[in-house]
Amino acid sequence: MEYIVEMLNIRKEFPGVLANDNVTVQLKQGEILALLGENGAGKSTLMSILFGLYHMDRGSIRIRGENVTINNPNDANNLGIGMVHQHFQLVETFTVTENIIMGAEGRFLLDRKKAGEKIKALSVQYGLNIDPDEIIEDISVGMQQRVEILKMLYRNAEVLIFDEPTAVLTPQEVHELMQIMRNLITEGKSIILITHKLKEIKEIADRCTVIRRGRVIGTVDVKTTSQQQMATMMVGREISFTVDKEDRKAGDVVLSVQNLNVLNNRKTPALKDFSLDVRRGEIMGVAGVEGNGQTELVEAITGLRKVDSGRIEINGREISRYSVRGRNEAGIAHIPQDRQRLGLIMDYNLGENFVLKSYYHKPYSKYGILKKEAIDKHAEKLISDFDVRAGNGVKSPAKALSGGNQQKAILGREIDLDTDLLIAVQPTRGLDVGAIEYIHKRLIEQRDSGKAVLLVSLELDEIMDLSDRIAVINSGELIDLITNDSNIDENDIGLMMAGVKRGEQQ
Amino acid sequence: MKRDYTGIVKSLGAVFLGLLAGAILMIAIGANPLKGYFYLFQGGLKSIERIGNVFAIATTLILTGLSVAFAFRTGLFNIGAAGQMLIGGLCATVIGLSVELPRLVLLPVMFLAALIGGAVWGVIPGFLKARFNVHEVVATIMMNWIAYWVVYYTIRNYFTAGLETESASMPAAGQLRVSWLSQLLSGSYLNLGIVISILCVIVIKFILDRTTLGYELKAVGFNRHAAKYAGIKVNRSIILSMMIAGGLAGLAGLTYYTGYSVNIQIGILPSQGFDGIAVALLGATSPWGVFFSATFFGILHAGKGFMNANTSIPPQISDSIIAIIIYFTATSLFIEKLYKKLRGRRADRKQIKAGGDE
Ligand SMILES: Nc1ncnc2c1ncn2[C@@H]1O[C@H](COP(=O)(O)OP(=O)(O)OP(=O)(O)O)[C@@H](O)[C@H]1O
Ligand SMILES: [Mg+2]
């Protein structure tokens with residue numbers, strides 16, 4: 001029997017959207033199959049059907065050649081199918097062991113010791129390196145993901161589904177995950193991997209099924225297909241991987257941060273005497289390894305975190321004691337890192353989300369009464385300007401949008417605020433190459449129209465593609481400020497991100 | 001566009017399961033459930049007077065239900081409607097018993113007193129939550145007991161008449177009962193309170209759906225972090241929401257102690273305050289949902305005596321049904337699952353049929 005999982009002619013419709021249209025996907029025993037497709041193409045929906053979270057409208061599923069019905073995740077578990085969701089489903093205050101055995105077969109208290117041993121054994125077998133007694137909230141995101149993997153293995157999963165596993169990982173963690181996947185394959189598991197990173201598909205997958213707008217475009221052999229070809233299949237047009245950008249002279253200082261000191265959640269210094277200026281018409285990229293103070297820097301500027309000492313100025317006005325709203329009004333727009341936790345109210349519809357920062361203004365309200373027509377009109381304009389795809393237009397709740405469309409909605413809202421400073425944190429995380437290209441274009445457009453853009457990203461490529469200047473941050477200190485021109489070296493920046501200053505390099 | 005009916009289905013499901021369980025109980029004690037329900041609903045609905053009484057009971061429940069529902073939309077659990085209701089009732093009673101004013105002036109003053117009294121009782125836990133992160137459930141329960149004793153001492157020491165356990169009766173000028181309404185409904189208890197509660201339903205719906213205030217409060221309820229990011233003052237919203245919720249419960253006290261009854265009993269936390277939680281849940285925390293679920297509870301309350309008089313079924317069965325419905329709404333997740341599962345089945349069946357066609 002060649003295929004372990006076959007999803008045949010699957011159809012799934014949501015109100016207003018045909019998420020899967022006659023989709024057929026087949027996974028071979030012992031292979032890694034990549035699913036590639038634009039944001040909203042229907043990948044997560046398809047996998048949710050396989051995992052029993054959604055019911056298909058039509059089609060059939062075969063496991064090892066036999067027709068099966070999967071009504072809920074328990075059925076999926078029993079059939080040996082496991083899934084790592086993009087948003088982890090762990091109880092923060094429980095230990096690794098508790099999280100893994102929770103909901104699994106067997107008695108919770110009696111089996112705990114035996115479970116711990118089994119977990120340890122699995123961890124060694126697959127090179128996961130997990131301590132079963134650690135509390136979830138104390139371990140890194142990468143480790144939490146491994147707990148999710150262990151959870152599947154503990155339930156004897158044979159088929160593992162990963163929905164955008166690398167979007168939340170640092171480059172080092174991505175590297176380790178790839179190794180873990182290889183171990184899984186060696187041990188006889190089969191994997192379906194959803195990712196937007198063509199590089200990762202090239203590196204690890206055997207075959208790749210491309211989906212566009214709910215339909216399968218084709219399945220290709222990864223070895224013999226170039227990244228460019230895959231991208232073209234997926235979007236239906238040529239994609240440019242390089243960013244075009246004219247040289248431009250920067251203008252006056254818009255944002256000025258001076259000797260900023262900020263504490264992190266553990267009450268230790270996150271930023272140490274940090275100073276930085278961002279000017280009109282430039283993109284300032286902040287490069288650094290995750291957790292070196294970038295988050296705190298942005299939170300301090302936008303008012304989400306208290307400033308210990310130092311100054312923050314917008315157009316010369318000191319704002320470090322202003323409220324969040326005061327700062328927004330002073331001229332800050334902010335595309336936050338976590339779009340579902342900060343950027344959107346998932347239960348509000350698009351129209352309501354588009355006025356999240358302006359609902360109290362005319363024309364969206366008057367004397368405290370909301371003006372629905374104005375709100376809807378505004379939303380329709382942004383939906384078409386920023387190509388946000390949503391089944392029910394203005395009335396679609398944000399939670400029904402795919403990740404890429406959520407991001408476009410936030411981008412549209414923030415650009416529409418038309419402020420002098422735009423802060424963009426990880427603006428393309430989890431997005432397809434087409435959407436990335438689009439968002440990069442819009443950010444450069446903002447720079448060209450004389451806005452100051454502060455770009456924080458963990459992707460060095462993105463920083464190097466977009467920035468006019470690059471601020472390298474390490475342990476809360478500004479290591480160096482570099483003009484991004486032709487004689488800049490990626491390796492040097494890598495070293496600086498590790499904390500090695502320019503004079504100290506050889 | 002398809003509407004999402006899950007809320008309504010959930011509520012009707014809970015009602016259905018509650019009635020079903022009640023039927024089983026009736027069978028268990030050897031009574032005929034069809035007869036039981038016939039008399040129960042007849043007792044609630046058979047005459048104009050009885051229908052009036054249904055709404056007289058519902059009046060207070062609508063307001064406590066709204067109070068709980070409103071706080072809930074901001075993500076707060078107001079267990080303190082009972083205490084807020086007591087204080088609202090106390091403020092209105094104190095004024096009604098101690099000042100002499102023409103009715104047209106006295107009633108609005110009492111209205112304001114109840115509103116403000118309840119609001120103060122709600123705002124304190126709101127403030128504690130916003131400022132010191134004291135959980136509102138703990139704080140509102142404590143406020144309930146403080147209200148209990150405040151009423152106890154105030155009434156007992158200054159406002160009793162014949163009996164030590166209740167206040168003197170409200171003079172006619174301070175009552176919400178109006179003779180034309182009672183006469184119209186052949187002697188029912190229904191009073192001006194129903195007007196207050198329906199107006200509150202309309203006003204609260206308007207606030208939630210159409211105002212920037214409602215937008216802010218719901219935003220805080222859905223996602224506190226995003227609200228903060230948007231520049232909404234989260235703490236201020238919490239305090240405001242509890243204040244409004246308290247005010248609504250305060251008005252519930254007005255309608256209960258100067259309309260449904262005409263004096264205030266001491267040593268009792270009014271059960272309507274807690275029933276408000278059930279009303280809010282069964283009404284899916286929407287204002288009109290609250291109105292309908294309060295009316296339904298009103299029918300059960302009004303009809304249980306009649307059922308008892310005409311059958312061997314004790315009125316406790318009716319209370320049990322209410323309790324079971326509360327139980328099912330509280331565990332409404334279960335009903336939602338059931339609904340989804342049934343819908344899924346249907347989809348599967350359709351799909352099998354579709355498959356057969358091919
Ligand atoms: N629960 C839902 N209700 C309504 N529409 C939905 C729901 N879930 C997904 N959709 C819609 O179905 C389509 C496919 O969504 P899906 O999440 O499967 O896309 P995706 O390929 O995983 O995208 P991304 O790469 O952005 O995660 C989208 O248009 C989305 O708006
Ligand atoms: Mg997805």
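This structure is a prediction, so every number in the text was calculated from the model and none was measured. (Residues numbered from 1 in each chain as written. Chains lettered and ligands numbered in written order. Predicted model: local features only at pLDDT ≥ 70, side-chain atom pairs only at ≥ 80, totals over all residues. Heavy atoms only, no water.)

**Remarks on the overall build of chain A**
At step 1: What chain A contains, in helices and strands, is 17 helices and 22 strands.
At step 2: Taken over the C-alpha trace, chain A has a radius of gyration of 24 Å; the compact-globule value for 506 residues is 23 Å, and the two agree within 12%.
At step 3: The principal-axis extent of the C-alpha atoms belonging to chain A is close to 70 × 55 × 50 Å.
At step 4: Buried residues in chain A amount to 55% of all 506 residues.
At step 5: Considering only residue pairs separated by 6 or more positions, chain A has 67% of its internal contacts joining residues 24 or more positions apart.
At step 6: Entry remark: accessible area of chain A is about 21,700 Å², with carbon and sulfur atoms responsible for 46%.
At step 7: Looking at charge distribution, chain A has the averaged site of its 64 positive side-chain charges lying 4 Å from that of its 73 negative ones. (Helix = DSSP H or I, 4+ residues; strand = E, 2+ residues; numbered from the N terminus. Rg over C-alpha atoms; globule rule 2.2 N^0.38 Å. Buried < 20%, exposed > 50% of the residue type's maximum accessible area, 1.4 Å probe, protein only. Contact = heavy atoms within 4.5 Å. Areas by Shrake-Rupley, 256 points an atom, 1.4 Å probe, with all protein chains shown as cover. Lys, Arg positive; Asp, Glu negative; His and termini not counted. Charge placed at Lys NZ, Arg CZ, Asp CG, Glu CD.)

**Here we look at the overall build of chain B**
At step 1: Scanning chain B for helices and strands turns up 15 helices and zero strands.
At step 2: In summary, chain B has a C-alpha radius of gyration of 22 Å against a globular reference of 21 Å for 358 residues, a match within 12%.
At step 3: Projecting the C-alpha coordinates of chain B onto the three principal axes gives extents of approximately 85 × 60 × 35 Å.
At step 4: By the burial criterion, 54% of the 358 residues in chain B qualify as buried.
At step 5: Excluding contacts between residues fewer than 6 apart, the proportion of contacts in chain B whose partners are at least 24 apart in sequence is 77%.
At step 6: Of the accessible surface of chain B, which amounts to about 16,200 Å², a share of 66% is contributed by carbon and sulfur atoms.
At step 7: When the 29 positive and 14 negative side-chain charges of chain B are each reduced to one mean point, those points stand 5 Å apart.

**Section: the sheet that holds strand β15 (residues 317–318) of chain A**
Residue and element names in this part refer to chain A.
At step 1: The sheet built from four strands is open, its strands ordered β12-β11-β14-β15 with antiparallel pairing. At either margin of the open sheet sits one strand with a lone partner, and together these are β12 (269–279) and β15.
At step 2: For strand β11 (residues 253–263) and β12, the ladder comprises seven bridges, and the chain directions are antiparallel. Bridging across to β12, Val253 finds its partner in Arg279.
At step 3: Along the sheet, helix α9 (residues 294–302) contacts β11, β12 and β14 (309–314); its crossing angle with β11, the most-contacted strand, is approximately 115 degrees. (Pairing = 2+ DSSP bridges. Axes fitted to C-alpha atoms, helices over the stretch in contact; angles between N-to-C directions.)

**Details of the interface of chain B and chain A**
At step 1: Contact with chain B, which involves 25 residues of that partner, is made by 35 residues of chain A.
At step 2: In total, about 2,800 Å² of surface goes out of reach between chain B and chain A, with carbon and sulfur atoms giving 59% of it.
At step 3: Across the contact surface, chain B and chain A share zero salt bridges.
At step 4: The tally of links between chain B and chain A comes to 16 residue pairs in polar contact (both at pLDDT 80 or more).
At step 5: Where the side of chain B that touches chain A is concerned, the elements lending two or more residues are α8 (193–210), α9 (212–222), α10 (224–229) and α15 (332–357) of chain B.
At step 6: The dominant element in the side of chain B that touches chain A, judged by the number of residues it contributes, is α9 of chain B, at seven residues.
At step 7: Split into classes, the residues belonging to the side of chain B that touches chain A amount to 10 nonpolar, eight polar and seven charged. (Buried area = accessible area lost by both parts, 1.4 Å probe. Salt bridge = Lys/Arg side-chain N within 4 Å of Asp/Glu carboxyl O. Polar contact = N/O pair within 3.5 Å; in protein donor to acceptor, adjacent residues only side chain to side chain. Nonpolar A, V, L, I, M, F, W, Y, C, P; charged D, E, K, R; others polar.)

**Structural notes on the site of ligand 1**
All names here are of chain A.
At step 1: In the vicinity of ligand 1, 19 residues are found, and the nearest of them are Gly40, Lys43, Ser44, Thr45 and Ala400.
At step 2: The side chain of Ser44 places a nitrogen or oxygen atom 2.7 Å from an oxygen atom of ligand 1.
At step 3: Here ligand 1 has 640 Å² of accessible area as a free molecule, and 84% of this is covered by the chains.
At step 4: Secondary-structure elements contributing two or more residues to the shell around ligand 1 are β2 (17–28), α1 (43–50) and α14 (403–416).
At step 5: Tallying contributions element by element places α1 first for the shell around ligand 1, with three residues. (Near = heavy atom within 4 Å.)

**Considerations on the environment of Leu443 of chain A**
All names here are of chain A.
At step 1: Looking at the element boundaries, Leu443 is found in helix α15 (residues 433–448).
At step 2: Given a relative accessible area of 0%, Leu443 falls into the buried group.
At step 3: Residues contacting Leu443, with those up to four places away along its chain left out, are Ile283, Leu411, Leu422, Ala424, Pro427, Val453, Leu455 and Leu466.

**Digging into the pairing of β2 of chain A**
The two faces of the sheet receive side chains in turn, since in a regular strand these alternate between them.
At step 1: With eight bridges connecting them, strand β1 (residues 3–14) of chain A and β2 of chain A associate as antiparallel partners. Each residue of the ladder has a partner; that of Glu6 of chain A, found in β2 of chain A, is Gln26 of chain A.

**Some remarks on the sheet that holds strand β19 (residues 421–425) of chain A**
All names here are of chain A.
At step 1: Across the sheet, which stays open at both edges, the six strands sit in the order β16-β19-β20-β13-β21-β22 with mixed pairing between neighbours. What marks the edges here is a single partner per strand, and that holds for β16 (332–335) and β22 (477–483). Ignoring strand direction, the axes of neighbouring strands in this sheet form an average angle of 20 degrees.
At step 2: In this sheet, β22 lies alongside strand β21 (residues 469–474) in antiparallel orientation, the contact comprising six bridges. Pairing of Ala471 across the sheet is with Leu481, part of β22.
At step 3: Running over the sheet, α14 touches β16 and β19 and is turned about 175 degrees from β16.

**Re unusual backbone geometry**
Most peptide bonds take the trans form, and the phi angle of most residues other than glycine is negative.
Residues and elements named next belong to chain A.
At step 1: Note the cis peptide between Lys362 and Pro363, where omega equals 0 degrees.
At step 2: Here Pro363 shows up in the loop between α12 (350–354) and β17 (365–366).
At step 3: Located in the positive-phi region is Lys267, a residue other than glycine, with phi close to 65 degrees.
At step 4: Structurally, Lys267 is set in the loop between β11 and β12.
At step 5: Unlike most non-glycine residues, Ser475 shows phi in positive territory, near 50 degrees.

**What to know about the packing of helix α2 (residues 33–45) of chain B against helix α3 (residues 48–73) of chain B**
Residues and elements named next belong to chain B.
At step 1: One can describe the packing of α2 onto α3 by two numbers: an axis separation of 6 Å at closest approach and a directional angle of 90 degrees. Here α2 lies roughly perpendicular to α3, going by the angle between them. Of α3, the residues touching α2 (which contributes Gln42, Gly43, Gly44 and Leu45) are Arg50, Ile51 and Val54.
At step 2: Looking at the contact of α2 with α3 residue by residue, the class counts come to three nonpolar, three polar and one charged. (Parallel < 35°, antiparallel > 145°, perpendicular 65-115°, else oblique.)

**Some remarks on the packing of aromatic side chains**
At step 1: Tallied over the full model, the rule gives 22 aromatic pairs over all chains.
At step 2: When the centroid spacing of 6.3 Å and the interplanar angle of 85 degrees are considered together, the rings of Phe127 of chain B and Phe132 of chain B count as edge-to-face.
At step 3: In this structure Phe127 of chain B comes out as partly exposed when scored by relative accessible area, which is 40%.
At step 4: Ring pairing ties together the aromatic residues Tyr348, Tyr359 and Tyr360 of chain A together with Tyr215 and Phe222 of chain B, which thus form one cluster.
At step 5: The ring centre of Tyr438 of chain A lies 5.6 Å from the NZ or CZ of Lys408 of chain A, which sits over that ring. (Phe/Tyr/Trp six-rings, centres within 6.5 Å; stacked < 30°, edge-to-face > 60°. Lys NZ or Arg CZ within 6 Å of the ring centre and 35° of its normal.)

**A word on the pattern of salt bridges**
Residue and element names in this part refer to chain A.
At step 1: For the structure shown, the criterion picks out 32 salt bridges over all chains.
At step 2: Across the pair Arg442 and Glu445 runs a salt bridge, and its minimum N-O distance is 3.3 Å. Pair noted here: Arg442 and Glu445 are both in helix α15, with a separation of three residues, about one helical turn.
At step 3: Salt bridges sharing common partners tie together Lys245, Arg447, Asp448 and Asp468.

**Notes on the packing of helix α5 (residues 103–132) of chain B against helix α6 (residues 136–159) of chain B**
Residue and element names in this part refer to chain B.
At step 1: Look at α5 against α6: their axes get within 9 Å of each other, and the N-to-C directions meet at 145 degrees. The hand of the α5/α6 crossing is right-handed. Only Glu136, Ala139, Thr140, Met143, Ile146, Ala147 and Val150 of α6 make contact with α5, whose side of the interface consists of Trp121, Ile124, Pro125, Leu128 and Lys129.
At step 2: Classifying every residue of the contact of α5 with α6 gives nine nonpolar, one polar and two charged. (Left-handed = near helix turned anticlockwise from the far one by under 90°.)

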